[in-house]
Amino acid sequence: MSHISAGVEYALHCLLFIAHPQGSVMEASVRDLSELQGVPFDYVAKLFTKLHKAKLIIATEGAKGGIRLAKPPHEITVLDVVDAIDGRKKLFDCKEIRNRCAVFDNDPPAWASSGLCAIHSLMIDADNKMRDVLAAQTLAGLASQFGRKAPPEFEQQITRWLGDKGSRRII
């Protein structure tokens, strides 16, 4: 099982469609974003509820309503999104196996269990490094990387597609 859920991937992809590194504001409905990516509406709606609770997005209600970022994309990190969707969970949960060695006969000596387990220490370090990497990457940075890969007309196609969808919503 993955440590980071598919929900994080879906949320990041949705947010990339409304995040522009230049700072322009894009708004789209949850329904439009789910349809754009072929992800079930109910699932995307649950993700956006979590993003809203984490104050990463603002939702406007009504037929013409939609979702937009609550902050500029350079102020929202990938870690913010991971924590909003999956919660802050540890990479590793130490089971203190070192205390169960059969030769200890259910009475481990102090030297065996004193201090932090070397494996646990390594996993804490790995978890911290992963969080540092995710905290260093913003939506603006991801959008910029995505923009370098996509042809220039792609952003225009997406903007037009979302705009057409928005203009067809009935108040």
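Bear in mind that the values here come from a model prediction, so they are computed numbers and not experimental data. (Residues numbered from 1 in each chain as written. Predicted model: local features only at pLDDT ≥ 70, side-chain atom pairs only at ≥ 80, totals over all residues. Heavy atoms only, no water.)

Let us look at the overall build of the chain. Of regular secondary structure, the chain possesses 8 helices and 2 strands. Traced from its N-terminal end to its C-terminal end, the chain shows the element sequence α-α-α-β-β-α-α-α-α-α. Relative to the 2.2 N^0.38 estimate, which gives 16 Å for 171 residues, the radius of gyration of the chain is 22 Å and therefore markedly larger than a compact globule would have. Here the chain holds 171 residues, and 33% of them are scored as buried. Counted over contacts in the chain with a minimum sequence separation of 6, partners at least 24 positions apart contribute 70%. Summed over its atoms, the accessible surface of the chain is roughly 10700 Å², and 57% of this surface lies on carbon and sulfur atoms. When the 22 positive and 20 negative side-chain charges of the chain are each reduced to one mean point, those points stand 4 Å apart. (Helix = DSSP H or I, 4+ residues; strand = E, 2+ residues; numbered from the N terminus. Rg over C-alpha atoms; globule rule 2.2 N^0.38 Å. Buried < 20%, exposed > 50% of the residue type's maximum accessible area, 1.4 Å probe, protein only. Contact = heavy atoms within 4.5 Å. Areas by Shrake-Rupley, 256 points an atom, 1.4 Å probe, with all protein chains shown as cover. Lys, Arg positive; Asp, Glu negative; His and termini not counted. Charge placed at Lys NZ, Arg CZ, Asp CG, Glu CD.)

Turning our attention to the nonpolar core. One finds Leu15, Phe48, Leu51, Leu69 and Val81 to be the most contacted residues of the largest nonpolar core, which totals 32 residues. Elements with a contribution of two residues or more to this core: helix H1 (6-18), helix H2 (30-37), helix H3 (41-53), strand S2 (66-69), helix H4 (78-86) and helix H8 (152-168). Residue contributions to this core peak at 7 residues, all from H1. Setting aside residues up to four positions removed in sequence, phenylalanine 48 forms contacts with Cys14, Leu15, Val30, Leu33, Ile57 and Ile67. (Core = buried A, V, L, I, M, F, W, Y, C linked by side-chain atoms within 4.5 Å.)

Between H3 and H4, the shortest axis-to-axis distance is 8 Å and the interhelical angle comes to 115°. In terms of crossing hand, the pair formed by H3 and H4 is right-handed. Within the contact between the two elements, H3 uses Leu47, Lys50 and Leu51 and H4 uses Val81, Ala84 and Ile85. (Axes fitted to C-alpha atoms, helices over the stretch in contact; angles between N-to-C directions. Left-handed = near helix turned anticlockwise from the far one by under 90°.)

Take aspartate 127: it is sitting in helix H6 (residues 118-136). In this structure, aspartate 127 is buried with no salt-bridge partner, the nearest side chain bearing the opposite charge being arginine 131 at 5.0 Å. Looking at aspartate 127, its side chain comes within polar contact range of the main-chain nitrogen of leucine 91, at 3.2 Å. When near neighbours in sequence (up to four residues on either side) are disregarded, aspartate 127 contacts Lys89, Lys90 and Leu91. (Salt bridge = Lys/Arg side-chain N within 4 Å of Asp/Glu carboxyl O. Polar contact = N/O pair within 3.5 Å; in protein donor to acceptor, adjacent residues only side chain to side chain.)

The next thing to look at is the packing of H1 against helix H7 (residues 139-149). A pair of packed helices is characterised by two quantities: the angle between their axes and the separation of those axes. Across the interface, H1 lies against H7 with an axial gap of 10 Å and an inter-helix angle of 80°. Judged by the angle between their axes, H1 and H7 are roughly perpendicular. Facing Leu12, Leu15 and Leu16 of H1, the residues of H7 in contact are Leu139, Leu142 and Ala143. Looking at the contact of H1 with H7, its residues break down into 6 nonpolar, no polar and no charged. (Parallel < 35°, antiparallel > 145°, perpendicular 65-115°, else oblique. Nonpolar A, V, L, I, M, F, W, Y, C, P; charged D, E, K, R; others polar.)

Turning our eyes to something else, we now look at the packing of aromatic side chains. One pass over the structure, following the stated rule, counts 2 aromatic pairs. For the ring pair tyrosine 10 and tyrosine 43, a centre distance of 5.5 Å and an interplane angle of 90° mean the geometry is edge-to-face. In this pair, tyrosine 10 sits in helix H1 while tyrosine 43 sits in helix H3, placing the two residues 33 residues apart along the sequence. According to the relative accessible area criterion, tyrosine 10 is partly exposed, its value standing at 30%. Owing to a relative accessible area of 32%, tyrosine 43 belongs among the partly exposed residues under this scheme. (Phe/Tyr/Trp six-rings, centres within 6.5 Å; stacked < 30°, edge-to-face > 60°.)

Further remarks concern unusual backbone geometry. Positive phi, normally seen in glycine, also occurs at lysine 55, with a value near 60°. Within the element layout of this structure, lysine 55 appears in the loop between H3 and strand S1 (57-60). Taking relative accessible area as the criterion, lysine 55 reaches 62% and is therefore assigned exposed.

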